[in-house]
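Residues per chain, in single letters:
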Amino acid sequence: MLYGATAGRAFFRGLAGERFAVRNSGAKAVVEGVGDHGCEYMTGGRVVVLGRTGRNFAAGMSGGVAYVYDKDRGFGNRCNTELVDLEPLTEADEQEVKDLISEHVARTGSLVGRNVLASWERGARDRFVKVMPRDYRRVLEERAAAAAAEGELSEAAPA
């Protein structure tokens, strides 16, 4: 599912098989668990996984972001960290994840999503792992620096 997706939103009540969101380049998706090789070669978009992943998650992932609910704290052993870092959610990430889960619940009636949202403040948010490709982070940082520099130049220019 979502092989090479370029846009759109997808919400799956239940588990996906192997190779979920492979080569995803722009879609946003929520799923309740995935098999092996999830988000492989992903270049864009957002994926929220509300359950267990199989092995080799994020292999070759160069863009986009995945958020994995790591209830058993074993995700790090199933993720291919050759190109990605695993990190906690920022405040902006928290809002994005909550919004996507809320839409997932509204569209699918997901009990899994409902339970995660109900326990958000009691520790569910701390169980999420952000899967962030290193090259993608570098590009985002360069863009932010260029935008900041451009803003400084605009403010310094005479009116």
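Residues numbered from 1 in each chain as written. Predicted model: local features only at pLDDT ≥ 70, side-chain atom pairs only at ≥ 80, totals over all residues. Heavy atoms only, no water.

(A) Fine view of the side chain of Glu87. Structurally, the position occupied by Glu87 is in strand E5 (residues 84-87). Here Arg137 takes part through its side chain, which lies 2.5 Å from a polar atom of the side chain of Glu87. Once residues lying within four places of it in the same chain are set aside, the contact partners of Glu87 are Phe128, Val129, Lys130, Met132 and Arg137. (Helix = DSSP H or I, 4+ residues; strand = E, 2+ residues; numbered from the N terminus. Polar contact = N/O pair within 3.5 Å; in protein donor to acceptor, adjacent residues only side chain to side chain. Contact = heavy atoms within 4.5 Å.)

(B) Spotlight on unusual backbone geometry. Its identity as a non-glycine residue notwithstanding, His37 has a phi of 70°, on the positive side. By the element assignment, His37 lies in the loop between strand E2 (25-31) and strand E3 (43-49). The residue Arg73 is not glycine, and still its phi comes out positive at about 60°. Structurally, Arg73 is set in the loop between strand E4 (63-69) and helix H1 (75-78). By relative accessible area, Arg73 is classed as exposed at 51%. (Buried < 20%, exposed > 50% of the residue type's maximum accessible area, 1.4 Å probe, protein only.)

(C) Examining the sheet that holds E2 more closely. Strand order in the open sheet formed by six strands is E1-E2-E3-E4-E6-E5, and the pairing between neighbours is mixed. Pairing within the sheet leaves two strands with one partner each, and these edge strands are strand E1 (9-12) and E5. The mean angle between the axes of side-by-side strands here comes to 15°, regardless of whether they run parallel or antiparallel. Along the sheet, helix H2 (residues 91-108) contacts E1, E2, E3, E4 and strand E6 (128-133); its crossing angle with E1, the most-contacted strand, is approximately 65°. (Pairing = 2+ DSSP bridges. Axes fitted to C-alpha atoms, helices over the stretch in contact; angles between N-to-C directions.)

(D) View of the pairing of E4. Among the seven residues of E4, seven are classified as buried, and the element is accordingly described as predominantly covered. By the bridge criterion, five bridges tie E3 to E4 in an arrangement that is parallel. Paired with Thr43 across the bridge in E4 is Gly63. The pairing of E4 with E6 spans four bridges and is antiparallel. Bridging across to E6, Tyr67 finds its partner in Lys130.

(E) Looking closely at the packing of aromatic side chains. A full pass over the atoms with the stated rule returns four aromatic pairs. Residues Phe12 and Phe20 carry aromatic rings whose centres are separated by 5.6 Å and whose planes lie at 90° to one another, so their mutual orientation is edge-to-face. Classification of Phe12 as partly exposed rests on a relative accessible area of 22%. Seen in terms of ring centroids, Trp120 and Phe128 are 5.6 Å apart; in terms of plane orientation they differ by 45°. Their pairing is tilted. Judged by relative accessible area, which is 2%, Trp120 ranks as buried. According to the relative accessible area criterion, Phe128 is buried, its value standing at 3%. (Phe/Tyr/Trp six-rings, centres within 6.5 Å; stacked < 30°, edge-to-face > 60°.)

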